[in-house]
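What the coordinates show
What follows is the residue order along each chain.
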Amino acid sequence: MSDTCLASDRIWMKEAIAMAKIAAEVNEVPVGAVMVADNEVISRAHNATIRDNDPTGHAEVIAIRRAADALGNYRMPGATLYVTLEPCAMCAGAIIQARVSRVVFGAYDKRYGAVESSVDVLCHPAMNHHAQYTGGVEMLECSQILSSFFKSRR
């Protein structure tokens, strides 16, 4: 269920990009996420797998956890998750469990992307919830942050 890019999507994606840059500064894979509901930021996060020694420490999962704490609810209908990289299967599963209404992502992940690239978890017919999504928002900047990070490590 892909939908179109809204004018506000670029604004919120810039916030997620700022989180990705923070991740890069602390030597985490530069992925950032921002959860928005009613045109307000509910949570912000960046990857923290290395810092937290936690394989589930992806930006999306952390943003969902923080949003649940902020809202006092493990469900987030009406919320939109902005993330700089297409969510993996784990993160897409968390999005389904949290009942996030919409996902907006920047760069596509041809190997591990679980929204469009390799599998479609968000709209899979077996799932009891489906999230709308828009991919490719600020794709060039999101991709460049990731490319620069990995290039500097080679």
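Just above sits the structure.
Residues numbered from 1 in each chain as written. Predicted model: local features only at pLDDT ≥ 70, side-chain atom pairs only at ≥ 80, totals over all residues. Heavy atoms only, no water.

Let's talk about the environment of Tyr82
How we decide: Helix and strand assignments come from DSSP, with helices taken as H or I runs of at least 4 residues and strands as E runs of at least 2, each series counted from the N terminus. Only protein chains enter the accessibility calculation, which uses a 1.4 Å probe. A residue is then buried if its area is under 20% of the maximum for its type, exposed if over 50%, and partly exposed in between. By definition, residues are in contact when any of their heavy atoms lie within 4.5 Å. In protein, a polar contact means a hydrogen-donor-capable atom and an acceptor-capable atom, both N or O and within 3.5 Å, with residues adjacent in sequence counting only if both atoms are side-chain atoms; elsewhere, any N or O pair within 3.5 Å suffices.
Relative to the helices and strands, Tyr82 resides in strand β3 (residues 80–85). The class of Tyr82 is buried, set by a relative accessible area of 3%. Separated by 26 residues in sequence, Tyr82 and Thr56 have C-alpha atoms that sit 18 Å apart. In contact with Tyr82, not counting residues within four places along its chain, are Ser8, Asp9, Trp12, Met13, Ala16, Gly32, Ala33, Val34, Val36, Arg102 and Val104. At a separation of 2.8 Å, a polar atom in the side chain of Tyr82 contacts the side chain of Asp9.

Focus on the sheet that holds β3
To keep things clear, this is the line we draw: Think of it this way: DSSP has to see at least two bridges between two strands before they count as a pair. Lines fitted to C-alpha atoms define the axes here, with helix axes fitted over just the stretch in contact, and angles between the N-to-C directions of these axes take values from 0 to 180 degrees.
The five strands are arranged β2-β1-β3-β4-β5 in an open sheet whose pairing can be described as mixed. The open sheet is flanked by β2 (40–46) and β5 (132–134), the only strands paired with a single partner. Averaged over all adjacent pairs, the angle separating strand axes in this sheet is 15 degrees, with direction ignored. Here strand β1 (residues 32–37) pairs with β3 via four bridges, running antiparallel. Across the sheet, Met35 pairs through a bridge with Leu81, a residue of β3.

Notes on the side chain of Arg99
Residue placement: Arg99 occurs in the loop between α4 (89–98) and β4 (102–107). One polar contact links the side chain of Arg99 to the main-chain carbonyl oxygen of Gln97, over a distance of 3.3 Å. Other than its neighbours up to four places away in sequence, Arg99 contacts Arg75, Met76, Pro77, Asn128 and His129.

Side note on the packing of aromatic side chains
Here a ring pair, both rings aromatic, is described through the centre-centre distance and the interplanar angle of the planes. Selection rule: Planes of paired rings set the category: under 30 degrees apart is stacked, over 60 is edge-to-face and the rest tilted, where pairs are Phe, Tyr or Trp rings (Trp by its six-membered ring) whose centres lie within 6.5 Å.
Within this structure, the stated rule accounts for two aromatic pairs. On the numbers, 5.0 Å between centres and 85 degrees between planes, the contact of Phe105 with Tyr108 is edge-to-face. Given the relative accessible area of 28%, Tyr108 is considered partly exposed. Aromatic pair Phe149 and Phe150: ring centres 5.2 Å apart, planes at 80 degrees, arrangement edge-to-face.

Digging into the pairing of β1
Taken across its six residues, β1 has six buried, putting it largely inside the fold. By the alternation rule, side chains of β1 split into Gly32, Val34 and Val36 and Ala33, Met35 and Ala37, which are all buried. Summarising the sheet, β1 and β2 pair through six bridges and their orientation is antiparallel. Along β2, the bridge assignment pairs Ala33 with Ala45. Hairpin connection of β1 to β2: two residues between the antiparallel strands, including Asp38 at a positive phi of 50 degrees.

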